[in-house]
Amino acid sequence: MTDAPAPQDRDSTTAVHRVGNAARGVSYEEPLLFERSRPGRVGFELRELDVPAVDPAEVLGEAAIRSEVAGLPELSEVEVVRHFTRISTWNYAVDLGPYPLGSCTMKYNPKLNEVASRLPGFANAHPLQPEALSQGLLALIHELEQHLAEVSGMDRVSLQPAAGAQGELAGIMMIRAYHEQRGDRRSKVLIPDSAHGTNPASAALNGYDTVSVPSGPDGLLHPSAVAAAMSEDVAALMLTNPNTLGLFEEHIVEICEIVHAKGGLVYGDGANLNAILGIARPGDLGIDVMHFNLHKTFSTPHGGGGPGAGPVGVKHLLAPHLPVPVVRRQDESEGGGFTLDYEFPRSIGRLHGNFGNVGMLVRALAYIRSLGPAGLRRCAEMAVVNANYLLARLAEEYPPATRGHVMHECVLTDRRLEAHGVTTLDVAKRLIDHGYHPPTIYFPLIVPGALMIEPTESESLEGLDRLADALLDIAREAREEPERVRGAPHHTRLARLDETRAARRPILRWQPAGSE
Ligand SMILES: *Cc1c(COP(=O)(O)O)cnc(C)c1O
């Protein structure tokens, strides 16, 4: 504590480095811009007025004018730049290192896609710009819809939903609209016990009761289990393939047939599409409606609450229920341009303002066009090879939850660490000290002590080896020095938030000089 910097030192870079070393048990918070504010300090200078002065009240109306703006922080430019640059360094990002967060497909986002999304014609397009001035964007939407339909084997795609979960919501809304329009009242949705939590949530939001279908001992969904649960009261089965154990649902064709035979539809959770890109198409396997996570499979940056996009694809039978507006290409006789079509009386309506999260759509198209069909297939192949390589290197210390090969991710367990009093959470926290974002833990829920690792295709062989070495090192440490693992992380700015015991380590708060 003696070498903790005095508050007034905190502006200098050295001070920031010193407080950054939390291994000594000292951690500080970066003061808020509001706390750093000093009256009258500014970061801009306005030019002399060189046009005739206008009374704003006359233009905007008296009610829109405030005489005083109180409570905004007042700072110089360099203070703001340093504040945000400092806090940006506390974050972990896929641009810093591997991010093996299973199920999330945190792959590298090629910078080319960023360049494309910042092209002024896309980035500065006004959401309410008329169709005639939005032809380029509408063409992009139309083209991306067709690529996604091609990749997935679906007939139509809507890019509106803003996330996978909203794509699910849209899909189940369309399934409900389809049954209701046929006068067929159904009350249940079947969901395997390995499913992501958004699946039952989407079904429940549509007023369906969810029925959990148990997976077999091999981690797969079996036709017999689906047949036993299936009835004419079941609106749909929601299926993730490959599933959340990283296994390809081998019986999918038969399972879809069982559901269809009783008049139900099959929803495909496409979050794991990265494993089968260019190799298998959900639409060919019997899926009627599915979502894509552009922010997982198609390289859009995500995590930390950034925007996403969860387009939804459907077979012809659900197309009348797609969200509106639908982008339509006119016939040559109409001019051959693109228009927005609202004439879908059985549509589930609008799900997002304007065209959805357009920046994500530009990135996805740039990604698909720059890789091409062979490149997309190579993504899937490398993602699968990488996951199996890690599985093979780690299996002895972290026994896999499944037998044999996996697809794009592997689910390992902490079974061998239990004896040393080390939990999955401890391993995850210790991995942060090695400079990695931890994998997903305790999911899927059916695997006790699960570590779900998805390396993605972005990692090199050496990168995978370093990650494997770090995890093996933690396993050794768990045997020899379990306290060290239990107390991790040791090198981060803040120590572990105590999730289990209510004990709180005091965090020193910065005080403006002389405020006490
Ligand atoms: C990520 C994910 C979702 C939800 O997608 P969001 O874009 O996060 O809403 C659904 N299912 C699975 C299997 C997922 O991995």
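Structure: see above.
Residues numbered from 1 in each chain as written. Predicted model: local features only at pLDDT ≥ 70, side-chain atom pairs only at ≥ 80, totals over all residues. Heavy atoms only, no water.

Let's talk about the overall build of the protein chain
Stage number 1. When helices and strands are tallied, the protein chain shows 17 helices and twelve strands.
Stage number 2. Looking at the protein chain residue by residue over its 516 residues, the buried ones come to 51%.
Stage number 3. For the protein chain, the proportion of contacts with a sequence separation of at least 24, taken over those separated by at least 6, is 71%.
Stage number 4. For the protein chain, the exposed surface amounts to about 25200 Å²; the carbon and sulfur share of it is 55%.
Stage number 5. Side chains of the protein chain give 48 positive and 65 negative charges; the mean places of these two sets differ by 3 Å. (Helix = DSSP H or I, 4+ residues; strand = E, 2+ residues; numbered from the N terminus. Buried < 20%, exposed > 50% of the residue type's maximum accessible area, 1.4 Å probe, protein only. Contact = heavy atoms within 4.5 Å. Areas by Shrake-Rupley, 256 points an atom, 1.4 Å probe, with all protein chains shown as cover. Lys, Arg positive; Asp, Glu negative; His and termini not counted. Charge placed at Lys NZ, Arg CZ, Asp CG, Glu CD.)

Some points on the packing of helix α14 (residues 358-394) against helix α16 (residues 461-480)
Stage number 1. Interaxial distance between α14 and α16 falls to 10 Å at its minimum, and their mutual angle equals 35 degrees. Of the two elements, α14 crosses α16, and the hand of that crossing is right-handed. The residues of α16 that touch α14, namely those facing Asn386, Tyr389, Leu390, Arg393 and Leu394, are Leu461, Leu464, Asp465, Leu467, Ala468, Asp469, Leu471 and Leu472.
Stage number 2. For the contact of α14 with α16, a count of residues per class yields nine nonpolar, one polar and three charged. (Axes fitted to C-alpha atoms, helices over the stretch in contact; angles between N-to-C directions. Left-handed = near helix turned anticlockwise from the far one by under 90°. Nonpolar A, V, L, I, M, F, W, Y, C, P; charged D, E, K, R; others polar.)

Comments concerning the site of the ligand
Stage number 1. In the vicinity of the ligand there are 13 residues, among which Ser103, Gly164, Asp269, His295 and Lys296 approach most closely.
Stage number 2. Between histidine 295 and the ligand, the recorded distance is 2.7 Å, taken from a side-chain N or O atom to an oxygen atom.
Stage number 3. In this structure, an oxygen atom belonging to the ligand sits 2.8 Å away from a side-chain N or O atom of lysine 296.
Stage number 4. Burial of the ligand by the surrounding chains reaches 87%, relative to a free accessible area of 380 Å².
Stage number 5. The dominant element in the shell around the ligand, judged by the number of residues it contributes, is helix α8 (residues 164-181), at three residues.
Stage number 6. Looking at side-chain class alone, the shell around the ligand contains three nonpolar, seven polar and three charged residues. (Near = heavy atom within 4 Å. Polar contact = N/O pair within 3.5 Å; in protein donor to acceptor, adjacent residues only side chain to side chain.)

Some words on the packing of helix α15 (residues 424-433) against α16
Stage number 1. Put simply, α15 and α16 touch, their axes get as near as 10 Å, and they point 125 degrees apart. As judged from the angle between their axes, α15 and α16 are oblique. As for the relative orientation of α15 and α16, their crossing is right-handed in sense. Here α15 contributes Val427, Arg430 and Leu431 to the contact with α16, which in turn contributes Leu467, Ala470, Leu471, Ile474 and Glu477.
Stage number 2. Here the residues of the contact of α15 with α16 are counted per class, giving six nonpolar, no polar and two charged. (Parallel < 35°, antiparallel > 145°, perpendicular 65-115°, else oblique.)

A closer look at the nonpolar core
Stage number 1. Core analysis: the biggest nonpolar cluster contains 55 residues, and Leu144, Leu148, Leu273, Leu277, Leu294, Phe298 and Leu361 have the highest contact counts within it.
Stage number 2. Breaking this core down by element, the ones donating at least two residues are α7 (135-152), β4 (234-240), α11 (252-261), β9 (338-341) and α14.
Stage number 3. At twelve residues, α14 tops the list of elements feeding residues into this core.
Stage number 4. Inspection of this core shows a minimum of three residues originating in each of domain 2 (152-369) and domain 3 (379-503).
Stage number 5. Contacts of leucine 361, omitting those with residues within four sequence positions, involve Leu140, Ile141, Leu144, Leu159, Leu294, Ala309 and Phe355. (Core = buried A, V, L, I, M, F, W, Y, C linked by side-chain atoms within 4.5 Å. Domains from an automatic or database assignment.)

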